[in-house]
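As a plain string of letters, each chain reads:
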Amino acid sequence: MNFKKELLVLSVLLMVVLAGCHHNATEMTNVEIVKNTYEGGSSEENGKYLEQYLAPDAKWTEAAGFPYGGTYTGFEEIRKNVFDRLASEWLNYKFEPEGYVGQGDKVVAYGTYSGTYKETGKHFKARVAHIWTLKEGKIVNFEQFVDSTPVRDAMTNE
C-alpha cells in the first residue's frame, strides 16, 4: 500500500512539473518577440506584433544622421515619425534580417535595409543593426545603428 501512495504522489508531482514546463514552453522568448516584429506575413502584421509587445512608454531611437533620426516615445509617436514616413516616401522599404543575438533582456537584430525613394527613383542598400531591450515580455527600448550615407544618397537628385 505504501508503494501505491508513493507512486500516486510521484505521479501528481510529475504532472505539476510537466504542467509548469508546458506553460513556460508557450511563452515567447525575447528573441521570438523581436523576430515577430520583422518576419510577419506583411508589414501590417509586423506592426501589430510591434504594437502588441511595445510598452506604452517605450523609447525608439533612430540613428543621428538617418533621415528620421531622433527618439520617439510610445507607439503613436513611433508610427507617425517613422513607419508612416517610410510607407509614404519609399517603395518596398524593408529590413532583411540575417540573424539575431539574444542575451538576457537584450536582443540584437542585424541585416540590410533596402528600398527605392519615390521622389528620386533611386534604390539603396545599407547595413543595419537594431538593439532591442525587453522587460517582462515588453519592448521598452529600441536603438538603430545604420550606415545612413546610402539612404541619404538615394534621397538626393545629385
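Student: Go over the pattern of salt bridges with me, naming the residues and quoting the values.
Tutor: A side chain with one charge may pair with a side chain of the opposite charge, provided their charged atoms come close. On inspection of all chains with the given rule, the structure shows 5 salt bridges. The shortest N-O distance in the salt bridge between Arg127 and Glu98 comes to 2.5 Å. Pair noted here: Arg127 is in strand β5 (residues 123-135) and Glu98 is in strand β3 (residues 90-103), with a separation of 29 residues, a long-range link. Owing to a relative accessible area of 46%, Arg127 belongs among the partly exposed residues under this scheme. In the salt-bridge network here, residues are joined through shared partners; they are Glu76, Arg79 and Asp84.

Student: Got a sec to walk through the sheet that holds strand β4 (residues 106-117)? Specific residues and values, please.
Tutor: Pairing within the open sheet is mixed, and its 6 strands lie in the order β2-β1-β6-β5-β4-β3. Two strands in the sheet have a free side with no partner beyond their single neighbour: β2 (70-73) and β3. Put simply, the sheet's adjacent strands are angled 20° from each other on average, direction ignored. Lying on the sheet, helix α4 (residues 74-89) is in contact with β1 (54-62), β2, β3 and β4; it crosses β1 at an angle near 45°.

Student: Could you give an account of the packing of aromatic side chains, naming the residues involved and the relevant values?
Tutor: How two aromatic rings sit relative to each other is set out by the distance from centre to centre and by the angle between their planes. Applying the stated rule across the entire model yields 15 aromatic pairs. Here the aromatic rings of Trp60 and Trp132 are separated by 5.6 Å at their centres, their planes lie at 85°, and the arrangement is edge-to-face. With Trp60 in strand β1 and Trp132 in strand β5, the pair connects residues that are 72 residues apart, well separated along the chain. No difference in accessibility class separates Trp60 from Trp132, as the two residues are buried. Look at Tyr93 and Tyr113: their rings are 5.4 Å apart centre to centre, the planes differ by 45°, and that puts the pair in the tilted class. Here Tyr113 lies in strand β4 and Tyr93 lies in strand β3, a separation of 20 residues in the sequence. For Tyr93, a relative accessible area of 18% translates into the label buried.

Student: If you had to explain unusual backbone geometry to someone new, which residues and values would you point to?
Tutor: Non-glycine residue Asn92 carries a positive phi angle of around 55°. Of note in the backbone geometry, Glu136 takes a positive phi value of approximately 55° without being a glycine. Mapping Glu136 onto the fold places it in the loop between β5 and β6 (138-146). Judged by relative accessible area, Glu136 falls into the exposed class, the value being 77%.

Student: Go over the environment of Leu86, please, and point to the residues and values.
Tutor: Here Leu86 is to be found in helix α4. Residue classification places Leu86 among the buried residues on the basis of a relative accessible area of 13%. It is 9.0 Å that separates the C-alpha atoms of Leu86 and Tyr68, two residues lying 18 residues apart in sequence. Beyond its immediate stretch of four places on either side in the chain, Leu86 contacts Tyr68 and Tyr93.

Student: Requested: an account of the nonpolar core, with residues and values cited.
Tutor: Ranked by internal contacts, the top residues of the largest apolar core, which has 35 residues, are Trp90 and Trp132. At 5 residues, the largest contribution of residues to this core is made by β5. In contact with Trp132, not counting residues within four places along its chain, are Val34, Thr37, Tyr38, Leu50, Trp60, Asp105, Lys106, Val107, Ala109, Ile139, Asn141 and Phe142.

Rules used in this analysis
- Residues numbered from 1 in each chain as written.
- Predicted model: local features only at pLDDT ≥ 70, side-chain atom pairs only at ≥ 80, totals over all residues.
- Heavy atoms only, no water.
- Salt bridge = Lys/Arg side-chain N within 4 Å of Asp/Glu carboxyl O.
- Helix = DSSP H or I, 4+ residues; strand = E, 2+ residues; numbered from the N terminus.
- Buried < 20%, exposed > 50% of the residue type's maximum accessible area, 1.4 Å probe, protein only.
- Pairing = 2+ DSSP bridges.
- Axes fitted to C-alpha atoms, helices over the stretch in contact; angles between N-to-C directions.
- Contact = heavy atoms within 4.5 Å.
- Phe/Tyr/Trp six-rings, centres within 6.5 Å; stacked < 30°, edge-to-face > 60°.
- Core = buried A, V, L, I, M, F, W, Y, C linked by side-chain atoms within 4.5 Å.

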